[in-house]
Structure formats: C-alpha cells, structure tokens
Amino acid sequence: MEINIQKRVLEANETMADKNRRLFKEKGVFVLNMMSSPGSGKTETLCKTLRRLMPEVVTGVIVGDICTRNDADRLETTGAAVVQINTDEFGGDCHLAAHLIEKSALTMDLAALDLLIVENIGNLVCPAEFDIGENAKVVVLSVTEGEDKPLKYPLMFQVADIAILNKIDLLPYLDFDAKEAVDNMKKVHPGLSVFELSAKTEEGMEPWVQWLKDSVAKKGY
Amino acid sequence: MHEMGIAQQMISIALEAIPKDLPDPRVERLNLRVGRMAAVVEDSLKFCFEIISKDTCLEGAELVIETVPVKARCRQCHHEWEVSDVVFTCPSCEKGEIEVLSGRELEVASLELAD
C-alpha cells in the first residue's frame, strides 16, 4: 500500500519563520540575516557598521556561534543590544534555525529597534537553507578566500539579496582577482549588488551603510 | 551537515502519515524528492536515516531519492532552461534577472507499506 504524503521536510522551520516574520512586522523592525564562511570578517564589519548607524538607527544583534561569547563582547562595545546564541559547547549546530531566533528575539525590546541583524554561524552551506523570518539576506566573502567560492557554494549566493566583498585593503598583497570573484557571484546570481569594502580601513563602507539605512526606512514591506 | 535533523523530520512526517489503526505497519520504501541545490548529502542522509529509524516501523526501509534538476526562468525574456555548471545567466538574452523554478526541494513524497 502506498501512502501519498507530499510534505516539505523543513515545513516546521518554515512555519516558525513565518511566525517570526509576523512578529518582526508587528514590531516594525527590519531584519537582516548575515552569512559567510568563518573568518570573513562579519563581526568586524558589523562593529564598524553599528558605529555609523547608532544612535540614528537603533540596532540589535543576535550572534550565533557554536561556542564562546567573544563576538557578543566585541559587538556590545558599539552600544547595540546583543544576544549571543551558543548552539552547543562542543560541536553543535551548523546554522541558526527559526526557533532559536524566536527564543532570542523575545528577550529583546523589539519595538525599540529599527534594525535587527542576525550574525549567523560561519558556514556557507547550511544557513542558506534555513529561513529565519528575515527581510533580507547578505553574504560576506573576503579576499583571503578563493574567487570561486560562489561557484562552490551556489545556493548561498543564489539566496542572498546582496553581497559584501570584504578586506579589499589586502588586495595589493594577494593574487586574489576581485573582478573574477564579483563575476562569479553574478554568474550564480545575475543582478546581485556587491559592496566592495574594508571593515578595517572603512574604505567603501558608506554605500553599504546607506543601503541599510534605506532598507530600514522602507522597512522592507 | 544537518542531515541527522533532516532524517529525524522525515521520520516524524512518515510516522504521522501512517493510519493509526493499522496493526503492526512496516514501511518498505520511503520516497523523497531532493533538489540538486538542496544542502543535503545523499550518502549522509541515508546513513543518518539508517541509524535513527532503528526500533521504528521504518527500520530497514529503503530510501529512494528522486533528484530534481535546477530549472530557472529569465524575468527579462521569459526563457526557461535547466541550469548546469551553476551558471544562472540566461543563455538566451544573457542579461535578465532570473527566478529559480526548481532545485531546492526537500520533500517526503510518499511511503510504501509492506502488505
């Protein structure tokens, strides 16, 4: 006997993500899901970004790591409200699922926030698959990685709404071909906007910060 | 990397679909649809399924995976094509933004019970 099912395996996560989306809309907060491989400079980019946004754009951050609260400590120095999620002390999960975001978001004063940024676990594979109820996804690639990362991890670059190419201050010292990297991103995602910047020297930060301000003003709805 | 969680979800979806009044049901085959772009490794999924289906009525069931190709449509010229080599540039007009029509599926399609 065959039983027809036709059910999405990630339906439970998608239902939870929809619940988050309603909560964020009700509180009037724009939510950005920030993803990359480990070491691309997400936290440094955020620290510099928050210093330019706050206090004009009141921002909160949920930061996910398998362990330690090092990132939360760094981010808190900017004055932003920060919640650290640790998925496990030894090992743990490879992505932040929607229910973890809900649990953290409910500990924050969402109504007081204009913008909530979720710094996902460093991983170019799994976070791409899990909707958390965000308004937009940004992927960060740094010039110390390979130009072909977008071709190796197509789903991540396919689902991203915008991309950042970070650490451009290092370009003179590397063989990295920035044009090829951007071309590869656009092969996987035609029309993708890419912000080339250096979180360290803050070169190229302004267009990215402006994009955030515009998105918050429009609230993405 | 999250295949164990996926396997767990699959099993609970399958268990829910089996009528409660069936005496001693035994699943022979579980049919899945997995898109080529889904972040799932087939061998890992089979391995995880084998482990956590133990002591359930899915123990020993065959996992049959139908792979769904990646298909896209150009928003500019409306051309539809099957994407290969992860290049999503429209082969017809080479400039439009595109929408992905298939390739991200991760679905339990059906299950087959032993008579």
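Summarised in this report is the structure supplied together with it. This structure is a prediction, so every number in the text was calculated from the model and none was measured.

**Details of helix α7 (residues 178–188) of chain A**
Residues and elements named next belong to chain A. Listing the buried residues of α7 in full gives Ala-178, Ala-181, Val-182, Asn-184, Met-185 and Val-188. The arc that holds every buried residue of α7, seen down its axis, measures 155°, which confines them to one face. Looking at the buried side of α7, the elements it contacts are β6 (136–142), α5 (149–152), α6 (154–159), β7 (162–166) and β8 (193–196). The N-cap residue of α7 is Asp-177: its side-chain oxygen and the backbone nitrogen of Lys-179 are 3.1 Å apart.

**Here we look at the pairing of β7 of chain A**
Residue and element names in this part refer to chain A. A large share of β7 lies buried, amounting to five of its five residues. Of the two faces of β7, the one lined by Ile-162, Ile-164 and Asn-166 and the one lined by Ala-163 and Leu-165 are each fully buried. Note: β7 against β8, four bridges, orientation parallel. Note that in β8 the partner of Leu-165 across the bridge is Glu-196. With respect to chirality, the unit in which β7 leads through α7 into the neighbouring parallel β8 is right-handed.

**Things to note about the interface of chain A and chain B**
Between chain A and chain B, the contact holds 29 residues from the first and 34 residues from the second. Linking chain A to chain B there are two salt bridges. Breaking the side of chain A that touches chain B down by element, the ones donating at least two residues are β1 (2–8), α6 and α7 of chain A. By residue number, the principal contributor to the side of chain A that touches chain B is β1 of chain A, which donates seven residues. Per-class residue counts for the side of chain A that touches chain B are 17 nonpolar, six polar and six charged. Examined bridge by bridge, β1 of chain A and strand β6 (residues 106–113) of chain B share five bridges and lie antiparallel to one another. Its bridge partner being in β6 of chain B, Lys-7 of chain A is matched across the sheet by Val-108 of chain B.

**A closer look at the packing of aromatic side chains**
Residue and element names in this part refer to chain A. The tally for this structure, following the rule as stated, stands at two aromatic pairs over all chains. Measuring from centroid to centroid gives 6.3 Å for Trp-208 and Trp-211, while their planes differ by 10°, and the two rings are stacked. Taken together, the residues Trp-208 and Trp-211, both in helix α8 (residues 205–218) and three residues apart, mark about one turn of the helix. Put simply, the rings of Phe-195, Trp-208 and Trp-211 pair up and form one aromatic cluster.

**Observations concerning the sheet that holds strand β5 (residues 115–119) of chain A**
Residues and elements named next belong to chain A. Read across the open sheet, the seven strands follow the order β4-β3-β5-β2-β6-β7-β8; overall the sheet is parallel. Edge positions in the sheet fall to β4 (81–86) and β8, since each has one partner strand and no second. Averaged over all pairs of adjacent strands, the angle between their axes in this sheet comes to 20°, without regard to strand direction. Direction of pairing for strand β3 (residues 59–65) relative to β4: parallel, over a ladder of six bridges. Bridge assignment links Asp-65 to a residue of β4, and that residue is Asn-86.

**A short note on the pattern of salt bridges**
Residue and element names in this part refer to chain B. One pass over the structure, following the stated rule, counts 27 salt bridges over all chains. Of the charged contacts, one joins Glu-42 and Lys-46 as a salt bridge, the two residues approaching to 3.8 Å between their closest N and O atoms. Placement of the pair is Glu-42 and Lys-46 together in helix α2 (residues 42–52), with a separation of four residues, close to one helical turn. A relative accessible area of 36% places Glu-42 in the partly exposed class. Using a relative accessible area of 33% as the deciding quantity, one classes Lys-46 as partly exposed.

**Quick word on unusual backbone geometry**
In this model, Met-54 of chain A is joined to Pro-55 of chain A through a cis peptide bond whose omega is 0°. Within the secondary structure layout, Pro-55 of chain A lies in the loop between α2 (42–53) and β3. Not every positive phi belongs to a glycine, and Thr-68 of chain A is a case in point at roughly 75°. With respect to the helices and strands, Thr-68 of chain A occurs in the loop between β3 and α3 (70–76). In this structure Thr-68 of chain A comes out as partly exposed when scored by relative accessible area, which is 40%. Positioned with a positive phi, Asp-24 of chain B is a non-glycine residue whose angle comes to about 45°. Following the sequence through the fold, Asp-24 of chain B ends up in the loop between α1 (3–17) and β1 (27–35).

How each quantity is defined
- Residues numbered from 1 in each chain as written.
- Chains lettered and ligands numbered in written order.
- Predicted model: local features only at pLDDT ≥ 70, side-chain atom pairs only at ≥ 80, totals over all residues.
- Heavy atoms only, no water.
- Buried < 20%, exposed > 50% of the residue type's maximum accessible area, 1.4 Å probe, protein only.
- Helix = DSSP H or I, 4+ residues; strand = E, 2+ residues; numbered from the N terminus.
- Arc of directions from axis to C-beta.
- Contact = heavy atoms within 4.5 Å.
- Polar contact = N/O pair within 3.5 Å; in protein donor to acceptor, adjacent residues only side chain to side chain.
- Pairing = 2+ DSSP bridges.
- Right-handed = clockwise from strand over helix to strand, strands pointing away.
- Salt bridge = Lys/Arg side-chain N within 4 Å of Asp/Glu carboxyl O.
- Nonpolar A, V, L, I, M, F, W, Y, C, P; charged D, E, K, R; others polar.
- Phe/Tyr/Trp six-rings, centres within 6.5 Å; stacked < 30°, edge-to-face > 60°.
- Axes fitted to C-alpha atoms, helices over the stretch in contact; angles between N-to-C directions.

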